[in-house]
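This is what each chain is made of:
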Amino acid sequence: MKVTRRKALLSASAFVGASVLPLRVMEGRAAAQQVPAKTDIASEPVSLSDFEVMARQRIPHMAYEFVAGGAADEHTIRWNREALDKIRLRPRILIDVSKVDTRVSLFGQEMPFPILLAPTAYHRAIHPEGEVATAKGAGAVAATYVVSSATTTPLEEIARVATHPLWFQMYVQSDRGFTRDLVHLAEATGCRALCITVDTPVLGARNRQQRVKFELPPGVKTPYLFDVNTGRGAIMRPQREIVTWKDIDWLRSFARVPVLLKGILNPDDADQAVRAGASGIIVSNHGGRNLDTVPATADVLPQVADKVAGRVPILMDGGIRRGTDVLKALALGAKAVLIGRPYCYGLGVAGAEGVSRVVSIPRTEFEMAMALTGRSSITSIDRSVLWPASQ
Ligand SMILES: Cc1cc2nc3c(=O)[nH]c(=O)nc-3n(C[C@H](O)[C@H](O)[C@H](O)COP(=O)(O)O)c2cc1C
């Protein structure tokens, strides 16, 4: 039979129609099949911002404000995000990315991916299981959890449930004997590194916390700390904490694990930190919680990296919410990143499981971003991953 051009066209469109429609239906079915039974699809979080929305709806308002808030008008919180958003990536095509290796090694510790949990205070104000749930959630996905010295759970209890190495964050407190004991305790409980937070000689103007009159739930205590977040209670001290470079020398003189300085923005401070013997540097503005209108960490990271020139590893935090952010931070000179607020939301919404999920999402996205920019290993990530104008 002779097939006219018109008939051919009609049958082709019938074919197209037949193939397109069922495909849509199939996609719908496939999606439905992937959703576990009884899951509330509308609220199934697929990105870290979904967790924030869920946390806002589900956790106590005071806890949400404590986590979400920052200093003063919160310009720096916004800038942390904007700085990452404005960086454009530069894809590469037709490269074999069948295997993407995200492993990094920090101070002899091998990590399957370069995302750590930043130290955050008061987990029992966010979820009844507090830091125990965080440690379980981190361990389940092999993430390193930096325990805050404003923990509401003793280190021994956290270490007991941890299945992956912990690090410990601390402040040099005016009672130096107490500070020394805390270092020893952290080491004795197996913490592999100490992050000394150096950006908080005084608290910032935490207006959101003030407005909700933030306080710890009854019975919840901080075993190791003056209260940097409320400046109240046992911790409230009339005098300021005077900590200088001499104290870093002192601390290093007896610490047996690597000492990192957390809260560096100024490249000159980064240089001085290296010369003072810091094992690593964390570029951080405390998630915009201390001094509002300091620059975004992504904006200062390249300058710090240039100054440090590979002498010690640099970590970075502030606004990391996507795998693409992780890639950008690494391209700008960080060896690894930390996330703060998102896992607090995960903890509040779903305890340990929520923490695990909050780590897994950017981890998977990071692998995707590496593949899509043609990078199959961490060492192949450099500034050429970034579109030149955005560097
Ligand atoms: C609720 C909360 C509590 C925090 N507590 C501490 C702390 O106890 N010690 C510290 O060094 N940093 C603390 N930070 C700062 C984080 O370690 C980290 O620098 C910051 O959260 C990273 O920014 P992000 O939240 O945008 O990811 C806290 C941050 C938040 C959100």
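Okay, so let's go over this structure. As the structure is a computational prediction, the values presented were derived from the model and not from experiment. (Residues numbered from 1 in each chain as written. Predicted model: local features only at pLDDT ≥ 70, side-chain atom pairs only at ≥ 80, totals over all residues.)

## Here we look at the overall build of the protein chain
At step 1: Each helix and strand in the protein chain was counted, giving 14 helices and 10 strands.
At step 2: Relative to its 391 residues, the protein chain shows a buried fraction of 45%.
At step 3: Put simply, of all contacts in the protein chain between residues at least 6 apart along the chain, 72% involve residues at least 24 apart. (Helix = DSSP H or I, 4+ residues; strand = E, 2+ residues; numbered from the N terminus. Buried ≥ 20, exposed ≤ 12 C-beta atoms within 10 Å, placed from the backbone. Contact = placed C-beta atoms within 7 Å.)

## A few points about the pairing of strand 5 (residues 166-170)
At step 1: Where burial is concerned, most of strand 5 is hidden: 5 out of the 5 residues are buried.
At step 2: Side chains Leu 166, Phe 168 and Met 170 project from strand 5 onto one buried face, and the interleaved Trp 167 and Gln 169 project onto a second face that is buried too.
At step 3: Strand direction decides the pairing type here: strand 4 (residues 145-147) and strand 5, joined by 3 bridges, are parallel. Within strand 5, the residue paired with Val 146 across the bridge is Trp 167.
At step 4: For the handedness criterion, the β-α-β arrangement of strand 4, helix 7 (residues 155-161) and strand 5 is classed as right-handed.
At step 5: Note that strand 5 and strand 6 (residues 194-197) share 3 bridges and pair parallel. Of the residues in strand 6, the one forming a bridge with Phe 168 is Leu 194. (Pairing = 2+ DSSP bridges. Right-handed = clockwise from strand over helix to strand, strands pointing away.)

## What to know about the site of the ligand
At step 1: The environment of the ligand is formed by 24 residues, the closest being Ala 118, Ser 148, Thr 197, Gly 287 and Gly 340.
At step 2: Contributing elements (two or more residues each) for the shell around the ligand: helix 3 (61-68) and helix 14 (341-372).
At step 3: Residues that form the shell around the ligand fall into these classes: 9 nonpolar, 11 polar and 4 charged. (Near = placed C-beta within 6 Å. Nonpolar A, V, L, I, M, F, W, Y, C, P; charged D, E, K, R; others polar.)

## Digging into the nonpolar core
The tendency in soluble globular proteins is for nonpolar side chains to be buried side by side.
At step 1: One finds Ile 281 and Val 337 to be the most contacted residues of the largest nonpolar core, which totals 104 residues.
At step 2: Those residues in contact with Val 337 that lie beyond four places of it in its chain are Pro 114, Ile 115, Leu 315, Met 316, Asp 317, Ile 320, Val 326 and Ala 329. (Core = buried A, V, L, I, M, F, W, Y, C linked by C-beta atoms within 7 Å.)

## So, unusual backbone geometry
At step 1: The backbone of Glu 74 shows a phi angle near 65°, a positive value even though the residue is not glycine.
At step 2: By the element assignment, Glu 74 lies in the loop between helix 3 and helix 4 (75-86).
At step 3: Judged by the 17 C-beta atoms lying within 10 Å of it, Glu 74 is partly exposed.

## Thoughts on the environment of Leu 155
At step 1: Residue placement: Leu 155 occurs in helix 7.
At step 2: Counting along the chain gives 33 residues from Leu 155 to Ala 188, while the straight-line C-alpha distance between them is 9.8 Å.
At step 3: In this structure, Leu 155 is in contact with Val 147, Leu 185, Ala 186 and Thr 189, ignoring residues within four places of it in sequence.

## Describing the pairing of strand 8 (residues 280-283)
At step 1: In strand 8, alternate side chains face the same way, and those of Gly 280 and Ile 282 on one face and Ile 281 and Val 283 on the other are all buried.
At step 2: In the sheet, strand 8 pairs with strand 9 (residues 314-317) via 3 bridges, with the strands oriented parallel. Note that in strand 9 the partner of Ile 281 across the bridge is Ile 314.

## What about helix 14?
Because each turn of an α-helix spans 3.6 residues, side chains separated by three or four positions in sequence point in the same direction.
At step 1: Between the first and last C-alpha of helix 14 there are merely 27 Å, a value that for 32 residues lags more than 12% behind the 46 Å anticipated at 1.5 Å per step.
At step 2: At Ala 350, helix 14 shows its largest bend, some 145°.
At step 3: With 23 of 32 residues buried, helix 14 is to be regarded as a mostly interior element.
At step 4: Gly 374, located one to two residues past helix 14, shows a positive phi value of around 75°. (Expected span 1.5 Å × (residues − 1). Bend = angle between axes of the 7 residues up to and from the residue.)

## Notes on helix 4
At step 1: The first and last C-alpha atoms of helix 4 sit 16 Å apart over 12 residues, in line with the 16 Å expected at 1.5 Å per residue.
At step 2: Listing the buried residues of helix 4 in full gives Thr 76, Ile 77, Trp 79, Asn 80, Ala 83 and Leu 84. Taken end-on, helix 4 shows its buried residues confined to a sector of 165°, consistent with a single buried face. (Arc of directions from axis to C-beta.)

## Here we look at the environment of Ala 125
At step 1: By secondary structure assignment, the location of Ala 125 is in helix 5 (residues 123-126).
At step 2: When the 23 C-beta atoms within 10 Å are taken as the criterion, Ala 125 is described as buried.
At step 3: Taking the C-alpha atoms as reference, Ala 125 lies 9.2 Å from Phe 66; in sequence the two are 59 residues apart.
At step 4: With sequence-adjacent residues up to four places away left out, Ala 125 is seen in contact with Ala 63, Phe 66, Leu 216, Pro 217 and Val 220.

## As for the packing of helix 6 (residues 130-140) against helix 14
At step 1: Direction vectors running N to C along helix 6 and helix 14 enclose 25°, while the axes themselves pass 7 Å from each other. Taken together, helix 6 and helix 14 sit at an angle that is classed as roughly parallel. The handedness of the crossing between helix 6 and helix 14 is right-handed. Of the residues in helix 14, those in contact with Ala 133, Thr 134, Lys 136, Gly 137, Ala 138 and Ala 140 of helix 6 are Leu 347, Gly 351, Ala 352, Glu 353, Gly 354, Val 355, Ser 356 and Val 359.
At step 2: Looking at side-chain class alone, the contact of helix 6 with helix 14 contains 7 nonpolar, 5 polar and 2 charged residues. (Axes fitted to C-alpha atoms, helices over the stretch in contact; angles between N-to-C directions. Parallel < 35°, antiparallel > 145°, perpendicular 65-115°, else oblique. Left-handed = near helix turned anticlockwise from the far one by under 90°.)

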